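Architecture and fold: a report
One letter stands for each residue in the lines below.
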Amino acid sequence: MSGGDKLDFEIRPNPRPVDAAERAALMVDPGFGRVFTDHMVTARYAEGKGWYEARVEARAPIQMDPASAVLHYAQEIFEGLKAYRNADGTVTMFRPEANAERFSTSATRLAMPHLPEGAFVDSLRRLIDIDRDWIPTNGEDSLYLRPFMFANEVFLGVRPAMEYLYVVIASPVGSYFKNGIKPVNVWVSPDYTRAAPGGTGAAKCGGNYAASLLPQQQAAANGCDQVVFLDAVEQRWIDELGGMNIFFVYDDGTLVTPPLGTILPGITREAVMRLATDAGRAVIERPVAFDEWQRDAESGRIRETFACGTAAVITPIGEVRFEGGAFKLGDGGFGEVTMGLRKQLVDIQRGRTADPYGWVHKVL
Ligand SMILES: *Cc1c(COP(=O)(O)O)cnc(C)c1O
């Protein structure tokens, strides 16, 4: 325990880490989220006591009582970000302070305690440090970090829990697009929405994802990679994808993206807005109606549309399918503006170009 913004993490190295040969084999083609490092961070919270037992320890199953609150009422939040090994050997994260801040905002919405933002960033640094051998050296791969927190009080009453567990696990991941980037097809859900005004859309909580799985399944059944959600009130305005924000590129070079409110405030979204603004583009946050998207894509007024988020960075959208039709963006291929922004952002994240924004956080 400690006061201030940090926790004292007790370091308990894994006595039986995966041996080097096995680790190398696991990291040849890690995919996404199926290979994990030797350690995890855990910290406990109890009402009246604060944070305690903060540790970096061997990654292991967590024992939970079947009456743990999260299993019944889904009081859970998470974050996702990546650590990169740069060409010069340094290891960096992209804007972890922004994830820390969003974790706090999510905690507020889910009536959970705040983890000090300094402790959040520190926990990531410590896990990366002890599991440094798991950070891929291949320039397309990275170490995905998954901090999360859930209610583990043993109590079935409906109220904010009085005990929580904060955990960070890490997973070496390959490039989101194994065989090179390719445009995705998206399905506009005709009947499901992901977030209503006053709901939890702006919080990064597992419950939002639970609700998105059925429409995502329907997207797949319609030959699409991702689902696009419309707003819950009029079922007319474009919100975002299941786990990515969306941008429209107009023929005059303007970028338009839906305003914050029910959507998740993506850190990639914010970075894209900044890069585009600094490149002299007009960047406008305003609602875009689905019929407007279709009409303007067909007339060529909207030239490109892309999705963005930590996992895939920036992904061009090639085709939009909906009940009763479909339309393409541009020639259904790679938009110039999309690919330019993607390269600019990836180059900053991977230390291939200067970072005038102070976004890159050096770890090792
Ligand atoms: C995490 C997430 C995003 C993307 O946020 P980034 O900070 O850019 O990774 C977008 N939409 C939803 C619903 C998300 O959960």
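For the protein chain, the name recorded in an unreviewed UniProt entry is Branched-chain-amino-acid aminotransferase, with Asanoa ferruginea as its organism. Under the UniProt heading Cofactor (unreviewed entry), the entry covering the protein chain gives this text: "pyridoxal 5'-phosphate". What UniProt states about the protein chain under its Sequence similarities (unreviewed entry) heading is, verbatim, "Belongs to the class-IV pyridoxal-phosphate-dependent aminotransferase family."

With that settled, the discussion passes to the site of the ligand. The immediate surroundings of the ligand are formed by 15 residues, with Lys-204, Tyr-209, Glu-240, Thr-268 and Thr-310 found nearest. With respect to the ligand, the backbone of Met-244 contributes an N or O atom lying 3.5 Å from a nitrogen atom. When the free accessible area of the ligand is taken as 380 Å², the share hidden by the protein chains comes to 97%. Its atoms largely coinciding with the cavity grid, the ligand occupies the largest pocket.

Here helix H6 (residues 267–278) crosses helix H8 (residues 336–349) at 110°, and the two axes come no closer than 11 Å. Considering their axes alone, H6 and H8 lie roughly perpendicular with respect to each other. In this structure, the crossing between H6 and H8 has a hand that is right-handed. Residues Thr-268, Ala-271, Val-272, Leu-275 and Ala-276 of H6 pack against Leu-341, Gln-344, Leu-345 and Ile-348 of H8. The residue inventory of the contact of H6 with H8, partitioned by class, reads 7 nonpolar, 2 polar and no charged.

What counts and how
Residues numbered from 1 in each chain as written. Predicted model: local features only at pLDDT ≥ 70, side-chain atom pairs only at ≥ 80, totals over all residues. Heavy atoms only, no water. UniProt positions renumbered as here; feature names shortened; annotations may be inferred. Near = heavy atom within 4 Å. Polar contact = N/O pair within 3.5 Å; in protein donor to acceptor, adjacent residues only side chain to side chain. Areas by Shrake-Rupley, 256 points an atom, 1.4 Å probe, with all protein chains shown as cover. 1 Å grid on protein atoms, 1.4 Å probe; cavity = no way out; pocket = protein on both sides within 12 Å on 5 of 7 lines; lining within 4 Å. Sits in = over half its atoms within 2 Å of the grid points. Axes fitted to C-alpha atoms, helices over the stretch in contact; angles between N-to-C directions. Helix = DSSP H or I, 4+ residues; strand = E, 2+ residues; numbered from the N terminus. Parallel < 35°, antiparallel > 145°, perpendicular 65-115°, else oblique. Left-handed = near helix turned anticlockwise from the far one by under 90°. Contact = heavy atoms within 4.5 Å. Nonpolar A, V, L, I, M, F, W, Y, C, P; charged D, E, K, R; others polar.

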